Amino acid sequence: MSEKPPASHEKVSRWDRPKPPRDWRWVVGGIGRTLITLGLMMFAFVAYQLWGTGIQTAQAQRTLSREFDELVANTPAETTTIATTNTQPTTTDPVNGTAPIDTVAPTTTLAAVAPIAQPIPDAEEAVARLEIPRMGLNRIVVEGATASALTKGPGHFPETPLPGQLGNAAIAGHRTTHLHPFFDIDKMQPGDEIIVTTLNGRYVYQVTGTEVVGPDDYAEVIPTPDRTKATLTLVSCTPRYSASNRIVVHSELEPEKSDALTDAAPLAPAQDSPDPAVTLPDEGQVTVVDTVAPTASTELGAIPADTSPGDTTAIENSGDTAVQPTRPAEATPDAFSDGWFSDSSAIPQAIMWGLGLLAVAAGIYLLSRLARRYWVGVLAGFVPFIVVLYFFYENVNRLLPPNL
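Residues numbered from 1 in each chain as written. Predicted model: local features only at pLDDT ≥ 70, side-chain atom pairs only at ≥ 80, totals over all residues. Heavy atoms only, no water.

Asks: Explain the packing of aromatic side chains to me, using residue names and the numbers behind them.
Replies: In the structure shown here, the tally under the stated rule is seven aromatic pairs. Ring centres of W353 and F391 lie 4.9 Å apart, and the angle between their planes is 20°; on these two criteria the pair is classed as stacked. On the criterion of sequence distance, the pair formed by W353 in helix 3 (residues 346-371) and F391 in helix 4 (residues 374-397) is long-range, its members being 38 residues apart. For F391, a relative accessible area of 31% translates into the label partly exposed. On the basis of an interplanar angle of 85° and a centroid distance of 5.3 Å, the ring pair of Y390 and F391 is categorised as edge-to-face. An aromatic cluster of at least three residues, connected via ring pairs, comprises F45, Y48, W353, Y390, F391, F392 and Y393. A cation sits over an aromatic face here: R240 above F183, 3.9 Å from the ring centre. (Phe/Tyr/Trp six-rings, centres within 6.5 Å; stacked < 30°, edge-to-face > 60°. Helix = DSSP H or I, 4+ residues; strand = E, 2+ residues; numbered from the N terminus. Buried < 20%, exposed > 50% of the residue type's maximum accessible area, 1.4 Å probe, protein only. Lys NZ or Arg CZ within 6 Å of the ring centre and 35° of its normal.)

Take a look at the structure:
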């Protein structure tokens, strides 16, 4: 006796339905389902770029912040001891005209804080802490402006000086991805402060202006225009969610709010105009102590400072002599100049994770078919699918121009 067919009001499970005929309707239906799936995957990829890229950046920032704070706490303040001996003119006894009354005045020693320039960090290591009140920004800056470096935070162009040195220090950052550190860079106004803390000190810059340049022209405003000034430049894409142009924010150091520069021309005053900034009273006399920079270097290398000590001035460093590390002579490529498939090493990774994604999807289907319930397969495979999808998107993203 044959089984009784289900009543018309009973819902037949999909797994019990007869297979549809493979005619043109089956083909059109398959194409439609494929396009819907691809559309959902593209929307998910956009969500990954806007928010998912911030996951690894947030993790990197936590690690970098902890390491940088430890470095700052463990970096001792180097001092330069400047000893000045003031010799009085020889005075003789008016009675016999031979015995000197006083020949040498007491020696006065002043310990002045003069930070020794710290070594240049390795690629993708912490360089400084960047704080911008106008944008509510507090991020660790890493060394390098490559695509890989900018996934960890704002990146310092290695061919430019470090913040707190003479010359133009340049920092790039994403505007819409990887926690979008420069999301509100277009809101910067003249007079806004940019605070940068390095291992050499804390430096405050004041914004002087903003300009928009072409995607291939912004590098022209990064090199140092004036080696006698300490300036800072921020670079990002503009407008938001586009890489059609570059926005460049210029700023200059505020010396009265900043620590001493570690990369400067000799500060020894001219003989005809001594600097009375540091004085020591000595029985009505004023002894002027010349401040001498331990080194002086340019943007591309080190130049020993010409201290030109006089007969009565001696300089002793408590540590090694400060020699500013040499910087690369040629500009290094930055993330904004990368194009399609710039990171070819991501191709095999994207293929591997793509195959893994198909394997997880097939597993979900087979488990659903075995349990004859879709929700069983979806519930069991949801977390593995999201994890594999994340790494698939991460490697696909490496093949795209990383300039947002």
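Asks: Hey, could you go over the packing of helix 1 (residues 24-74) against helix 4 for me, with residue numbers and the actual values?
Replies: Describing two packed helices takes the angle between their axes plus the distance from one axis to the other. One can describe the packing of helix 1 onto helix 4 by two numbers: an axis separation of 10 Å at closest approach and a directional angle of 85°. Taken together, helix 1 and helix 4 sit at an angle that is classed as roughly perpendicular. Packed against helix 1, whose contacting residues are M41, A44, F45, Y48, Q49, G52, T53, I55 and Q56, the element helix 4 presents L389, Y390, Y393, E394, V396 and N397 at the interface. Its residues assigned to classes, the contact of helix 1 with helix 4 shows nine nonpolar, five polar and one charged. (Axes fitted to C-alpha atoms, helices over the stretch in contact; angles between N-to-C directions. Parallel < 35°, antiparallel > 145°, perpendicular 65-115°, else oblique. Contact = heavy atoms within 4.5 Å. Nonpolar A, V, L, I, M, F, W, Y, C, P; charged D, E, K, R; others polar.)

Asks: Could you give an account of helix 1, with specific residues and numbers?
Replies: Over its 51 residues, helix 1 runs 73 Å from end to end, which matches the ideal 75 Å to within 8%, given 1.5 Å per residue. At Q49, helix 1 shows its strongest bend, of approximately 50°. Buried within helix 1 we find F45, Y48, Q49, G52, T53, G54, T57, A60, Q61, L64, S65 and F68. Here the buried face of helix 1 lies against strand 5 (126-132), strand 6 (137-143), strand 9 (193-198) and helix 4. (Expected span 1.5 Å × (residues − 1). Bend = angle between axes of the 7 residues up to and from the residue.)

Asks: Account for the environment of E211, with residues named and values stated.
Replies: With respect to the element layout, E211 can be found in strand 10 (residues 201-213). By relative accessible area, E211 is classed as partly exposed at 30%. For the pair E211 and V235, spaced 24 residues apart in the sequence, the C-alpha separation amounts to 10.0 Å. With sequence-adjacent residues up to four places away left out, E211 is seen in contact with V221, R246, I247, V248 and H250. Polar side-chain contacts of E211 include one of 2.8 Å to the side chain of H250. (Polar contact = N/O pair within 3.5 Å; in protein donor to acceptor, adjacent residues only side chain to side chain.)

Read these as geometric descriptors, not functional statements.
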